[in-house]
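Observations on the model geometry
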Amino acid sequence: MSRITLFAGVLRAATAMALVLGAADSVAAAKPAAKPPAPAAPAAPVQPAVGPTIQHIIITGTQRIEPATVLSYIALREGEPFTPLGGDIALKALYGTGLFADVKINFDVAKSTVTIAVVENPIINQVDFEGNDKVSQKDLEKEVQLKPRMVFTRSKVQADVQRIIELYRRNGKFAASVDPQIIQRPQNRVDLIFAIAEGPSTGVSRINFIGNHVYSDSVLKGTIATEESDWYRFLATNDNYDPDRLTFDREQLRRYYISHGYADFNVVSAVAELTADRRNFYITFTVSEGDKYNFGKIQIDSSIKELTAAELRPLVKINDGDVYNADLVQKAIDALTNAAGTKGYAFAEVHPRIKRNRDTHTIDVVMKIDQGPRVYIEKINILGNTRTLDKVIRREFRLVEGDAFNRVLVDRSRTRIRGLGFFKDVSVKPTPGSQPDRTNLTVTVQEQSTGELSLGAGYSSTSSFVGEFSYTERNLFGRGQFLRASISASTISKEFQLSFTEPYFLDRAISGGIDLYKIVTDYDQADYQGDTTGASIRFGFPTSEYGSVGLRYTYKIDDVTPFPGAPLQVQLAGGRSTTSEVGFSFGYNTLDDPIKPTRGWVFSVGQDFAGLGGSLKYLRTQGNVAYYHPLFGDSMIGSLNFESGFITGYDGQIIPIQERFFKGGDSFRGFAQAGVGPRDTAVKGDTGAVGGNFYAIGHAQLRLPEWLPPDYGVNLALFSDFGTVGKLDSVVPLCPVQTASSSCIRDNLAMRASAGLAVAWKSPFGPITIDFGIPFLKTSYDRSQLIYFSAGTGL
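Here goes a summary of the coordinates provided. (Residues numbered from 1 in each chain as written. Predicted model: local features only at pLDDT ≥ 70, side-chain atom pairs only at ≥ 80, totals over all residues. Heavy atoms only, no water.)

**A word on the overall build of the protein**
For the protein, the helix and strand inventory stands at twelve helices and 33 strands. By residue count, 39% of the 795 residues in the protein fall in the buried class. Taking the contacts inside the protein whose residues are at least 6 apart along the sequence as the reference set, 58% of them involve residues at least 24 apart. Put simply, the protein shows about 42,800 Å² of open surface, and 57% of that area lies on carbon and sulfur atoms. (Helix = DSSP H or I, 4+ residues; strand = E, 2+ residues; numbered from the N terminus. Buried < 20%, exposed > 50% of the residue type's maximum accessible area, 1.4 Å probe, protein only. Contact = heavy atoms within 4.5 Å. Areas by Shrake-Rupley, 256 points an atom, 1.4 Å probe, with all protein chains shown as cover.)

Below you can see the structure in the form of structure tokens.
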């Protein structure tokens, strides 16, 4: 076939194909477009290569850890294929447990066996510290994370080294270094020792302020916690550089300025520079004081219908034109929140809206009160009482499930629980309940030791040397019961006492108790020895939230033995007497804290009537009232305390000396024990006191701010005591009348007064108080005492 013929055939075939395609296009234009072809199926994933099957898994090197435990950490199993990826995952998993110092995984293809060889990390036998002097062992143990019986790892050791170094830096030891040392012990155990080189202390050489014009450097230094190092501050703990304390100092400066009207105050920077010898720091605060502002308009916008703005305004102790003080704003928020809580609005919110008027330098404040729902108590949950029974805490609560929430009653409940003395800390917090109008109260307590077994010796101004063996339990079996048994002996007295109190007798709000005692005392000031044996039974019950009544019966036997040369009054009282008396007391207490009150008052009055049997017949009345209130912006606590008592006989009864009132020592500071009141001046020395039938004494005290860190437990107070003691029976001969025994008793109800300083210390052996008192108003026959020691009391 020729090329022309072949070309013609191809041309004819192409022409025919074009005609067919043209016809197909015409049909396609007349019909809807056809669906596009389905996408091609994705390519199948590439399957990883399947490794050989594991026939055996062998684990070697374990000592304490079981092989099954090792297998539980990995995914390799007999009968499954082994791959290098699976081996790597198993290796990382075993290292991740922190139990092993070394791990090797080997697969024997010929035997289809996986061998896992491990080296266990040792177990810490003990952790010790060497070379620490500035930081105690106890503080170091709290700081480190590694403990005995934990797994030893080098990473954890290095982390603890950094924690110790940081702890020393916070204590001013920036040159401290730590060298961890390990001592190998049998059975893969180690002793971990942190060898510490503390280095010299890094103090604060100087504190500078830049930008302060209103307040001097000395004033600002008094507002911050950091102090400059100096020789006389050997007890100070804040005379070193601490970054955390520096942050606190910035906040203290800000609070100080905004509490004095400088609302725009700002600490621009606080820089600590180490000196060239690396022994001290220079600390520089750069501040921007801004302008001083006063309060403008004070308004209250309350959405609670029961609390109108007019009713709430007296609670806000801010007046228009006062110097702006952010602390007063916060106190107003607290007062308004508590007021809303008393109406049952537990989750009421107070939002202060502050508007600065820079032209007039005033700040307007609008207190916006959003009520939220009225809330009822759904549950009361008690946490932390590992020993005390729930019912002991619940019976002190002034609210029960279903009651409307009341902030005042919640605070009162916390005060009552804390007043039990069983707990270091008590907190009561509301949390949302199952419904918007329900709340749960969570009471969290921290138990403290309530039992005390003591065998000790001491010294007091009254009893000289004292020895005591006693057992006291204030929360017997966690039921709130009180038990005390004691035997004590001193230079002048011997005492045995057994007391038991059930605060809720028969699970009712009635307390019951019994006391047995025997006391033998040499009253050198009154020239006689007293021997008293007695028993009493007592009951008490509340009359209101703050009031209570007590009833008691006492029977006792007194033996009085006058010393040779004793005054006539003492000689006439010699011999045995019996007393059968009934009494009552009423008390009313609104103190905010029963242990260390800051505000509130307490009142008590009681009477004892003797004559229902026994040889003595008298009526004794005593009363006391005290008031506490914060002064000078809550920095000091002032208190006034007045007490008085009177005893009188009937049916011709002359009050014997052992029933009279003797005051002095801790009851009238600045005077010796029994140093105030009637006295037989014919008796030489410090003896001759005969006591009085009446006393009235007042105590004014100002508790000073803490000047040492709270851990020292030292408190100071200024005091002044004033009053009188006297008024003997009319048959008692007074001076200038002389009796056959040349007795000369002075009794004139003269006013006495003293003033001084009280120092209270919470020592490891219990509270100790030292009173330094100077009488500035007294009679010639009173006996003064400059320093008086007492134990078991506080300010």
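Text resumes after the structure shown.
**Re the packing of helix 9 (residues 326-342) against helix 11 (residues 407-419)**
Interhelical geometry of helix 9 versus helix 11 gives an angle of 100° and a closest axis separation of 6 Å. By the angle between their directions, the pair helix 9 and helix 11 is classed as roughly perpendicular. Across the interface between the two elements, Asn338, Gly341 and Thr342 of helix 9 pack against Arg407, Val408 and Asp411 of helix 11. Residues that form the contact of helix 9 with helix 11 fall into these classes: one nonpolar, three polar and two charged. (Axes fitted to C-alpha atoms, helices over the stretch in contact; angles between N-to-C directions. Parallel < 35°, antiparallel > 145°, perpendicular 65-115°, else oblique. Nonpolar A, V, L, I, M, F, W, Y, C, P; charged D, E, K, R; others polar.)

**Observations concerning the packing of aromatic side chains**
Counting across every chain of the model gives 19 aromatic pairs. With 5.1 Å between their ring centres and 50° between their planes, Phe295 and Tyr324 make a pair best called tilted. Here Tyr324 lies in the loop between helix 8 (309-312) and helix 9 and Phe295 lies in strand 10 (residues 294-302), a separation of 29 residues in the sequence. We classify Phe295 as buried; its relative accessible area is 2%. Classification of Tyr324 as buried rests on a relative accessible area of 7%. Pairing Phe609 with Tyr650 gives two aromatic rings, centres 5.6 Å apart and planes at 10°, and the pair type is stacked. Taken as a pair, Phe609 in strand 24 (residues 600-614) and Tyr650 in the loop between strand 26 (636-649) and strand 27 (679-680) lie far apart in primary sequence, 41 residues in all. Judged by its relative accessible area of 25%, Tyr650 is partly exposed. Three or more aromatic residues joined by ring pairs make a cluster, and in this case those are Tyr215, Tyr256, Tyr257, Tyr262 and Phe265. The side chain of Lys663 reaches across the aromatic face of Tyr695, ending 4.2 Å from its centre. The ring of Phe719 carries Arg669 above its face, with NZ or CZ at 4.0 Å from the centroid. (Phe/Tyr/Trp six-rings, centres within 6.5 Å; stacked < 30°, edge-to-face > 60°. Lys NZ or Arg CZ within 6 Å of the ring centre and 35° of its normal.)

**Details of the environment of Gly211**
On the secondary structure map, Gly211 appears in the loop between strand 7 (203-210) and helix 6 (217-221). For the pair formed by Gly211 and Val287, sequence separation is 76 residues and the distance between their alpha carbons is 5.2 Å.

**Describing the sheet that holds strand 4 (residues 123-130)**
Here three strands make up an open sheet; going across it, the order is 4-6-5 and the pairing mixed. The open sheet has two edge strands, strand 4 and strand 5 (177-185), and neither has a second partner. Neighbour-to-neighbour, the strand axes of this sheet turn through a mean angle of 20°, independent of strand direction. When strand 5 meets strand 6 (residues 189-197), the two strands line up antiparallel, connected through nine bridges. For Arg185, the partnering residue across the bridge sits in strand 6 and is Arg189. (Pairing = 2+ DSSP bridges.)

**Side note on the side chain of Arg783**
Here Arg783 lies in the loop between strand 32 (766-777) and strand 33 (787-791). Taking the relative accessible area as the measure of exposure, Arg783 reaches 18% and is therefore buried. Engagement of the side chain of Arg783 in a polar contact is seen with the backbone oxygen of Tyr781, the distance being 2.9 Å. (Polar contact = N/O pair within 3.5 Å; in protein donor to acceptor, adjacent residues only side chain to side chain.)

**Considerations on the nonpolar core**
Grouped together as the largest cluster of nonpolar side chains are 26 residues, with contacts concentrated most on Tyr324 and Met367. Broken down by secondary-structure element, the contributors of at least two residues to this core are strand 10, helix 9 and strand 12 (362-370). Examining the composition of this core, we find that seven residues originate from one element, helix 9, more than from any other. Sequence-distant contacts of Tyr324, defined by excluding residues within four places in its chain, comprise Ile258, Ser259, His260, Gly261, Ala263, Tyr293, Asn294, Phe295, Val329, Ile354 and Ile363. With 20 residues, the next largest nonpolar core counts Phe152, Val161, Leu167 and Ile196 among its residues. (Core = buried A, V, L, I, M, F, W, Y, C linked by side-chain atoms within 4.5 Å.)

**With respect to the sheet that holds strand 15 (residues 438-447)**
With respect to topology, three strands assemble into an open sheet ordered 13-15-14, the strand pairing being mixed. If you trace the sheet from one side to the other, it starts and ends with strand 13 (376-383) and strand 14 (423-432), each paired once. Strand-to-strand twist across the sheet, computed as the mean angle between neighbouring axes with direction ignored, equals 15°. Sheet topology places strand 14 next to strand 15; nine bridges connect them, and they run antiparallel.

**A look at the pattern of salt bridges**
With the rule as written, the count across this model stands at 29 salt bridges. Asp559 serves as the salt-bridge partner of Arg576, at 2.8 Å between the closest nitrogen and oxygen. Taken together, the residues Arg576 in strand 23 (residues 575-589) and Asp559 in strand 22 (residues 547-562) connect sequence positions 17 residues apart. We classify Arg576 as exposed; its relative accessible area is 60%. Across the pair Lys617 and Asp651 runs a salt bridge whose closest N-O atoms are separated by 3.5 Å. With a gap of 34 residues between them, Lys617 in the loop between strand 24 and strand 25 (618-631) and Asp651 in the loop between strand 26 and strand 27 connect regions that are remote in the sequence. (Salt bridge = Lys/Arg side-chain N within 4 Å of Asp/Glu carboxyl O.)

**Examining the pairing of strand 15**
Most of strand 15 sits out of view: seven of its ten residues are buried. Taken together, the seven bridges between strand 13 and strand 15 define a ladder with parallel strand orientation. Within strand 15, the position partnered with Ile380 by the bridge is Leu441.

**Quick word on unusual backbone geometry**
For residues besides glycine, phi is generally negative; the peptide bonds are generally trans as well. At Asn188, a position not held by glycine, the phi torsion is positive, near 55°. By secondary structure assignment, the location of Asn188 is in the loop between strand 5 and strand 6. By relative accessible area, Asn188 is classed as buried at 19%. The backbone phi angle of Leu506 is positive, close to 55°, even though this residue is not glycine. If you trace the backbone, Leu506 turns up in the loop between strand 19 (493-502) and strand 20 (511-523). Note on Leu506: relative accessible area 66%, which makes it exposed.

**Examining the pairing of strand 22**
Bridge analysis of strand 21 (residues 528-542) against strand 22 gives 15 bridges, and the strand direction is antiparallel. Directly across from Phe539, in strand 22, lies its bridge partner Leu551. What sits between the antiparallel neighbours strand 21 and strand 22 is a turn of four residues. Here strand 22 runs beside strand 23; their pairing, made up of 14 bridges, is antiparallel. By the bridge assignment, Thr554 is partnered in strand 23 with Glu581.

These results come straight from atomic positions and should not be treated as a statement about function.
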